[in-house]
Amino acid sequence: MKNMLRFLLVSLSLLFTGHSYEFQDDLYPDYHNEVPQGNSVNSLLSPNFISTSQGYTVNEGETARLPCKVKNLHGFVLLWKKDGQIISVGQHIIDDDNNRILSESRTDGIALILRQVRPTDSGFYSCQISAPQPRFIQHKLHIRVKPVIQIDEGTEIILEEGSYGNLTCSILSG
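Analysis parameters
Residues numbered from 1 in each chain as written. Predicted model: local features only at pLDDT ≥ 70, side-chain atom pairs only at ≥ 80, totals over all residues. Heavy atoms only, no water. Disulfide = S-S within 2.5 Å. Helix = DSSP H or I, 4+ residues; strand = E, 2+ residues; numbered from the N terminus. Buried < 20%, exposed > 50% of the residue type's maximum accessible area, 1.4 Å probe, protein only. Polar contact = N/O pair within 3.5 Å; in protein donor to acceptor, adjacent residues only side chain to side chain. Contact = heavy atoms within 4.5 Å. Pairing = 2+ DSSP bridges. Axes fitted to C-alpha atoms, helices over the stretch in contact; angles between N-to-C directions.

Draft legend 1. Representation of the state of the cysteines. Here the structure, examined in full by the defined rule, presents one disulfide. Here cysteine 68 is linked by a disulfide to cysteine 127, with a sulfur-sulfur distance of 1.9 Å. For the disulfide bridge between cysteine 68 and cysteine 127, the dihedral angle about the S-S bond is near -75°, and by the sign convention the bridge is left-handed. Of this pair, cysteine 68 sits in the loop between strand 3 (64-66) and strand 4 (70-71) while cysteine 127 is found in strand 10 (residues 123-129), placing the two residues 59 residues apart along the sequence. Each member of the pair cysteine 68 and cysteine 127 is classed as buried.

Here is the structure:
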C-alpha cells in the first residue's frame, strides 16, 4: 500500500509539473513493421532476367550453350521451350531419347546445353519464369551444316605450268 501511494504521488507530480515520458522508438526496433534486410527482401522482389535474347549460330556436330540468368529467382522455376514445346522444367529434361540435352544449374539460372547439334535443332528456344505473370527471353539457334561438294567428272585435264584451267563443282548442301 505504501508503494502504491508513492507511485500515485510521483505520477501526479509529473502530471502537474509538465514532465512526460516519451516512448523511445530505438529501444523497440521489432515493432515498426519494417521489412528485414537480407535474403528475406529478395524473396519479396519479382524475378528479372539478366540474360537477353540472342541469336546463336553453331556448327553441326558441336555443342550449343543457351544462357538463362535471372535475378531474384528464389522460389520460381525456369522452363525451357523449343518452338513452344516444353523441353525442361527446372533441371528436369523432358523426352530426350539420345541424352543430347543437358541443363546446367546455377544460383542465378539454368543454361540449356545441346550436344552434337543437328539441323533439326535449329529454332527458337525460350526460357520462361513460372511466375503469376510469366516472362521469357528467346534465343534463336541456327545450325550451320557441313557443306557437301561434288566435283563434276569429266575428261582429264593436263595443264602446263602457268596456264589456266576450269574445274566445275556443285554444292549439294550446306
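Draft legend 2. Fine view of the side chain of histidine 139. With respect to the helices, strands and loops of the structure, histidine 139 is situated in strand 11 (residues 135-144). A polar atom in the side chain of histidine 139 sits 2.8 Å from the backbone oxygen of proline 67. Filtering out sequence-adjacent residues up to four positions away, histidine 139 remains in contact with Thr52, Ser53, Gln54, Tyr56, Leu66, Pro67, Trp80, Gly123, Phe124 and Tyr125.

Draft legend 3. Examining the sheet that holds strand 8 (residues 101-106) more closely. Overall, antiparallel pairing links the three strands, which are arranged 3-9-8 in an open sheet. Here the strands that pair on one side only, and so sit at the sheet edges, are strand 3 and strand 8. The mean inter-strand angle of the sheet, taken between neighbouring strand axes irrespective of direction, is 20°. Summarising the sheet, strand 8 and strand 9 (residues 109-114) pair through six bridges and their orientation is antiparallel. Bridge pairing in strand 9 places serine 105 opposite isoleucine 110.

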